Amino acid sequence: MELEGIAQRIKEKHGIPVTARDVARVLGAALTSADIWRIVDLAGLPVLATCEGLQAFAERGWVQFVDDRVWITAEGQKTAQALGIGPIQELRCPRCRGRGLELEPFRSLTQEFARVAKDRPEAAQEFDQGYVTEETTVARIALAFARGDLAGKEIIVLGDDDLVSLAAALTRLPKRVVALDVDARIVEFLSRTAKAENLALEAHLHDLRDPLPSELVRRFDTFFCDPTESFRGYLAFAHRGISALRGPGGAGYLGLTRLEASLAKWQRIQKALLEAGAVITDLFPNFHEYVNWPYIETMRAWAFLPVKRVPGKFEPWYRSALIRVELVEEPRVENVRYAGDIFTDEEAATT
Ligand code: SPD
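In this text the structure is predicted, and so the values were computed from the model without any measurement.

A. Summary view of the site of the ligand. Around the ligand sit 13 residues, and of these Asp128, Asp226, Glu229, Tyr295 and Thr350 come closest. Residue Asp128 places a side-chain N or O atom 2.6 Å away from a nitrogen atom belonging to the ligand. Between Glu229 and the ligand, the recorded distance is 2.4 Å, taken from a side-chain N or O atom to a nitrogen atom. When the ligand sits alone it has 330 Å² of accessible area, and the protein chains cover 98% of it. Its residues placed into classes, the shell around the ligand shows six nonpolar, four polar and three charged.

Written as structure tokens, this is what we have:
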């Protein structure tokens, strides 16, 4: 079948495993919108796979690229209809944006957080940064509160351009919050704000490729991180987080996207989390929405886009799931060094 051939082509060109059903989703996304970023978002595949799928559609006359738009053709409509493929309807709850959380009790945190985050450092390509919307950060804190992972707890945040440590400390509920980041600007910003606001927050410069300092191992109740998405990079964050937990009952919050991680990578990551002694208790698709970073035109996927349009800063297209894990056994991770580049693999798109 034709979609199977396109899936095979994507695999051969990029080494990204996709199925005919994934390709059908790209066609469904192209039926839904002519905007490249909306198509990438709705297709929910590694960005390079979606780009290759669109190129294959164009060669078959199913879509046309005009200026910065992707238009479905009559031939494309006919093909989709014959294959039983229709436009994608997310059916996302407009009130909670699909998170299933009531944020009203966090209204004052939302305001406080917006006030202190105003002068935050801009995302840097060097560290694969790209931060989530302020609402997303507050929603993460709200979820941790609801799960009993915030009040009275000792919390560690591994990599914090999202300023999760700041939002957590602003609630004045945790016993202690520690943030680690490789970026001196973030560490300086967090330290300065913690002092000005008298928060129980400390920030330290640390490269997560290096083992966690021994004084931070097995000392925390909760960790947060939004790892870079290469498999090695993901482990560098997730394993550090798990090794920071005291033991069974400790919880972790991690982001994981479909736009830079195929389901095969998701499987490897989930296996690694289970093998480390954790279980996945919650998974919220598209919980995280990201503010567009200033290096869209130099990121890896830009060269592969069939049409080029720089999205507005607050025009979210990159989303990721929020995963909550909980330790059910003693942590089983090696606190080893990860040498070299931890950002890039064949599915990387925004590095
Ligand atoms: N490189 C810019 C976007 C980075 C977003 N990282 C999100 C990782 C999700 N786990």
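B. Geometry of the pairing of strand 9 (residues 319-327). Among the nine residues that make up strand 9, eight are buried, leaving the element largely enclosed by the rest of the structure. Strand direction decides the pairing type here: strand 7 (residues 251-256) and strand 9, joined by six bridges, are antiparallel. Among the inter-strand pairings, Tyr253 is bridged to a residue of strand 9, identified as Arg324. In this sheet, strand 9 lies alongside strand 8 (residues 278-289) in antiparallel orientation, the contact comprising eight bridges. Looking at the pairing, His288 lines up with Ser320 of strand 9.

C. Here's a closer look at helix 7 (residues 134-146). Helix length check: helix 7, at 13 residues, gives a terminal C-alpha distance of 19 Å against a target of 18 Å (1.5 Å per residue), a fit within 8%. Where helix 7 is buried, its residues touch helix 6 (107-117), helix 8 (164-170), strand 6 (222-225), strand 7, strand 8 and strand 9. Just downstream of helix 7 lies Gly148, where phi reads positive at about 80°.

Cut-offs and rules
Residues numbered from 1 in each chain as written. Predicted model: local features only at pLDDT ≥ 70, side-chain atom pairs only at ≥ 80, totals over all residues. Heavy atoms only, no water. Near = heavy atom within 4 Å. Polar contact = N/O pair within 3.5 Å; in protein donor to acceptor, adjacent residues only side chain to side chain. Areas by Shrake-Rupley, 256 points an atom, 1.4 Å probe, with all protein chains shown as cover. Nonpolar A, V, L, I, M, F, W, Y, C, P; charged D, E, K, R; others polar. Buried < 20%, exposed > 50% of the residue type's maximum accessible area, 1.4 Å probe, protein only. Helix = DSSP H or I, 4+ residues; strand = E, 2+ residues; numbered from the N terminus. Pairing = 2+ DSSP bridges. Expected span 1.5 Å × (residues − 1). Contact = heavy atoms within 4.5 Å.

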